[in-house]
Amino acid sequence: MDDFRASVDVGFVLNGAAVSVAAEPGERLSYALRERLGAREVKIGCNAGDCGACSVLVEGDVVCACLMAAHQAAGKRVETVKGVLAGTEGRALVASFQDHQAAQCGVCTPGMMVSAVALLREVPQPDAGQVQDALGGVLCRCTGYRKIIDAVVSAGSGVAQAQVSGGVGVAMRRLDGLAKVEGREAFGDDVAPDGALAVKVIRSPHPRATFFFGDLETFVAGLPGVECVLTAADVPGRNAFGVIPAFVDQPVFAEGEARFRGEAVAAVVGSAEVMAGFDPASFPVTWQVLPSVQTVAEALAAGAPLLHQGRAGNVMCGGFVKRGFADAALARADVVVEARFESGFVEHAYIEPEAGFAEVVDGRVEIHACTQAPVMDLDSMAEILAMPREAIRIVPTAVGGGFGSKLDISVQPFVALAALKTGKPVRITYSRQESMQSTTKRHPSAIHLRIGATRDGRLSGMRFEGDFNTGAYASWGPTVANRVPVHASGPYLVPDYLAQSRAVHTHCPSSGAFRGFGVPQSAIAQESLFDALADRLGMDALEFRLLNALENGQPTVCGQVFAQGVGIKACLEALRPAWEAGKAEVAAFNAVNSGLKRGVGIASGWYGCGNTSLPNPSTIKAGLRADGVVVLHQGAMDIGQGSNTVIAQIFASALGADVRDLVLVGPDTDVTPDAGKTSASRQTFVSGNAARLAGVSLRAMILERCNAAVDAVLRFDLGVVEVTDGADVHRVELADLAPDGEGYVLRAEERYDPPTLPLDANGQGSPYAQFGYAAHLVVVEVDLKLGLVKPLRFVAAHDVGRAINPLLVEGQVQGGIAQGLGMALTEEYLPGRTENLHDYLIPTIGDVPPIETLIIEEADAHGPYGAKGLGEHVLIPTAPAILNAIRHATGVAITRVPATPSRVRAALKEAGYE
């Protein structure tokens, strides 16, 4: 009898060349392309046709390669991004995508490029609507799509942009952009060597269950190609990881009891071919389901099962800020408003699932994986493996989106333990389902807020109480609990204030870091009630905010006073023209429309850059080689936000060089010093300052060699630095200088740690050296019958201190707004139900309207060249601005997000709409 699984040779033309692969029946074209033909430019985001990252052209038509069997391609022409770039349309797109910063992390870019080429071949000069239609099948989580639309339209126009380069303030292309648009960027699933073993993790199918294993030795012996099984017994060190030392509580493998659906209990290691077809249901494990708590209310109820000893009542920790006497101020206020607000889990939904590989090299473990925090990974792995730090190397791959979740350990222990046990290279790539099951989420929140004001509109008191569902393990829950009370006032002068928060354990996936660390949830409550308070006072919503906005020299709710750089009033004032025009526009529309109503909403936000009242250093190293090349060792992870370019621009300005003079060495714990984690909008500020100091130091060394003035001009040439000091020209002959062990004749290594002060028992102190500020305006249209909310346009004003690269600023603003739009209207992760990108709805290219970015520059006293962080700030005002616009359109206040059509329609009916 023939083996029905026998492979069959399939021939087709790939990028102009005839190829043949031995594919199994039903094998995905995406698998054949990547694993058999090495076409790693084809990216896999979901394996379900939901994300479009794997899009290729088959006979000129766009196809999701993950949905097409390899045998269906027999005899046909297949083009990947590598192939389409050879044509006129592809070359134009390569340039245009870079000019517009249309690629951020880059993992969706090959799918976008392929789809765009197909459009341009058919419609050489498309408009924005045609681009949206053609690219609608490809999801992007970083850019907000608007830059992609602009890039494709521009490519069709044939108008090329002049290229610029330089230091601070230059809107130049990303230094790493070309590899992204050409599909050459290597992500976590692209780097494993041929023949590497694969890991399949066995996960709990229940929110809470005890378990025991069957005969594992017999299981392994009975499956040819399986090398071993890993359990908690194989962890040589501490079977726990976490991001905050006092809260390290999540096991690599659960022992005896699983605390959430998706928790790892074991892993099977075998050949890639065998593991590709392995069914986890065949693993010998028996489950005993136990009662679980899924919500904060359930977890706090009397008699609820306790998730962790020492955390009474399932309360992990809390945060607290008190200034003045909030209750007394509320009692004497002329007007008081209050409400309760709720938000659910939000999934990060980066297009790249967690992936990587590990191998043992000369007795050391080398781990290659997508991560936001290589040195934190190193510290965790040293404890888990019980190995000295110098015996471990973390080599980050490119990161296909992170947004906070890839700060936490995921694949690293599995591949490292497997490589140590087998002595062979081992790879892993999460499926979309296990990524969404097992990784961290945005904290669900339940907030009760009261705000009072005097008759003249001055804020008098505010009381905030917030509970946050932190899931089964701590992750960044303590950071959220502590950050929220500091920020819950918004960027306003509140003389009497009380804010307290709790992080509560449930049998859900851990809640962690997600662009804002809890501040977007608190901003929804605060900014929504500000509109309600302005209405009660008979004040314009913008004027009310301007009256109460913080200014230089005024204390925050933590008592911190900034002498300069408080830019919230400038942001709000920048919105005034759009605010006045928007009010007039929606009034005119509503006067003649009954089934549709429009509204305009505004909201503001602030965000402290870096750790809260904790050390937060970065170190940057640079060296000058004898051949005249300047090398910048830059260890800050670029997850799409542009730190590779921004930090290089800052360093180049400080040195007095052009960015094109630099050779960049990226993150690698063997060769780059610790630039800290990519989180809390800290890299431009903290690592940027370290880069500035390194540039200043290296420049001083060069000038000292020829006793030149500080304003001398440097030119780097082969083997020499030419120093022009007024009318004098000096030559520093580099061959005359002795190189060090790394080959540098001059080197500088500088460290920067922002000045902060601890918070006292009342939350008073200096938690951050700088805040960034933002204000958003949105016009929305509400279908009263369907409850459907459609944003029509955004205007976003952001105080960035100094725009190091204005083009990157625009990209961050647009991407953050898209994520805020999703949080407001469509995104709600339901454990066990929305574990794919079909049921979990992130915004598509047709959902994000035009966005106007207004860059405000109120220089910060500590930032490099006055610059402030940006990444987190963008998302904070978006959702409350949308909710305020819905209220303006309909008179109905939405207090639970996402504001799905069913929820909006229910609220409208309750308010009396038919």
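Provided above is the structure to which this section pertains.
Treat the numbers as computed from the prediction; the structure is a model and nothing was measured.

1. As for the pattern of salt bridges
Here comes step 1: Inspection of the entire model under this criterion finds 60 salt bridges.
Here comes step 2: Put simply, Lys424 and Glu227 hold a salt bridge, and the shortest N to O gap is 2.7 Å. Taken together, the residues Lys424 in the loop between helix 13 (412-422) and strand 18 (426-429) and Glu227 in strand 8 (residues 226-230) connect sequence positions 197 residues apart.
Here comes step 3: With a closest N to O distance of 3.3 Å, Arg715 and Glu722 form a salt bridge.

2. Considerations on empty space enclosed by the protein
Here comes step 1: Scanning the entire structure with this criterion turns up nine cavities of 30 Å³ or more.
Here comes step 2: What the largest cavity holds in volume is close to 570 Å³.
Here comes step 3: Elements represented by at least two residues in the lining of the largest cavity include exactly helix 20 (643-655), helix 21 (683-706) and helix 22 (806-825).
Here comes step 4: Counting residues per element, the lining of the largest cavity draws most heavily on helix 22, at three residues.

3. Let's talk about the sheet that holds strand 15 (residues 355-361)
The pairing of strands in a sheet happens through backbone hydrogen bonds and is either parallel or antiparallel.
Here comes step 1: The strand order across the open sheet formed by seven strands is 8-10-6-18-15-16-17, and the pairing between neighbours is mixed. Every interior strand has two partners, whereas the edge strands, strand 8 and strand 17 (392-396), have only one. Adjacent strand axes in the sheet meet at a mean angle of 20° when their direction is disregarded.
Here comes step 2: Two strands pair when backbone bridges link them, and strand 15 and strand 16 (residues 364-369) are joined in this way by six bridges, in the antiparallel orientation. From the neighbouring strand, Ala358 faces strand 16, where its bridge partner is Ile367.
Here comes step 3: Helix 12 (residues 374-385) contacts strand 16 and strand 17 of the sheet and is inclined by roughly 145° relative to strand 17.

4. Observations regarding the state of the cysteines
Here comes step 1: Per the counting criterion, the structure on display carries zero disulfides.
Here comes step 2: Left unpaired, Cys64 is separated from the closest cysteine sulfur, that of Cys54, by 4.7 Å.
Here comes step 3: With no disulfide of its own, Cys571 lies closest to Cys609 among cysteine sulfurs, the gap being 13 Å.
Here comes step 4: Judged by its relative accessible area of 0%, Cys571 falls in the buried class.

The rules behind the values
Residues numbered from 1 in each chain as written. Predicted model: local features only at pLDDT ≥ 70, side-chain atom pairs only at ≥ 80, totals over all residues. Heavy atoms only, no water. Salt bridge = Lys/Arg side-chain N within 4 Å of Asp/Glu carboxyl O. Helix = DSSP H or I, 4+ residues; strand = E, 2+ residues; numbered from the N terminus. 1 Å grid on protein atoms, 1.4 Å probe; cavity = no way out; pocket = protein on both sides within 12 Å on 5 of 7 lines; lining within 4 Å. Points joined across faces, edges and corners; volume = space filled by probe spheres on them. Pairing = 2+ DSSP bridges. Axes fitted to C-alpha atoms, helices over the stretch in contact; angles between N-to-C directions. Contact = heavy atoms within 4.5 Å. Disulfide = S-S within 2.5 Å. Buried < 20%, exposed > 50% of the residue type's maximum accessible area, 1.4 Å probe, protein only.

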